[in-house]
Amino acid sequence: MLFLVAALLVLGTVLGTVAHAPLGFTLVAAAVIAVWLTVFAIRERHGRRRQTSAH
């Protein structure tokens, strides 16, 4: 949870930078973040399924 709070703080800082960054860089950064969030969601869902089936 603390990691997510830190990520949101960094996001707030980065949003100010994105306004001055080139469009290509912004799109690449957005794609990297989207992939990271997708992998995180899949891992969380997979972990919860494994945990509930073991009980």
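Structure: see above.
Residues numbered from 1 in each chain as written. Predicted model: local features only at pLDDT ≥ 70, side-chain atom pairs only at ≥ 80, totals over all residues. Heavy atoms only, no water.

K.L.:
Tell me about the overall build of the chain, and name the residues and values.
P.N.:
For the chain, the count of helices and strands is two helices and zero strands. Per-residue burial over the chain gives 0% buried out of 55 residues. Surface accessibility of the chain: about 5,100 Å² in total, with carbon and sulfur atoms responsible for 73%. (Helix = DSSP H or I, 4+ residues; strand = E, 2+ residues; numbered from the N terminus. Buried < 20%, exposed > 50% of the residue type's maximum accessible area, 1.4 Å probe, protein only. Areas by Shrake-Rupley, 256 points an atom, 1.4 Å probe, with all protein chains shown as cover.)

K.L.:
Please give an account of the packing of aromatic side chains that cites residues and values.
P.N.:
A complete count under the given rule lists two aromatic pairs for this structure. Taken together, a centroid distance of 5.9 Å and an interplanar angle of 70 degrees make the contact between Phe3 and Trp36 edge-to-face. Linking Phe3 in helix H1 (residues 2–18) with Trp36 in helix H2 (residues 23–54), this pair joins segments that are 33 residues apart in sequence. For Phe3, a relative accessible area of 54% gives the class exposed. Members of the aromatic cluster, joined through ring pairs, are Phe3, Trp36 and Phe40. (Phe/Tyr/Trp six-rings, centres within 6.5 Å; stacked < 30°, edge-to-face > 60°.)

Spatial relationships are all this shows, so hold off on functional conclusions.
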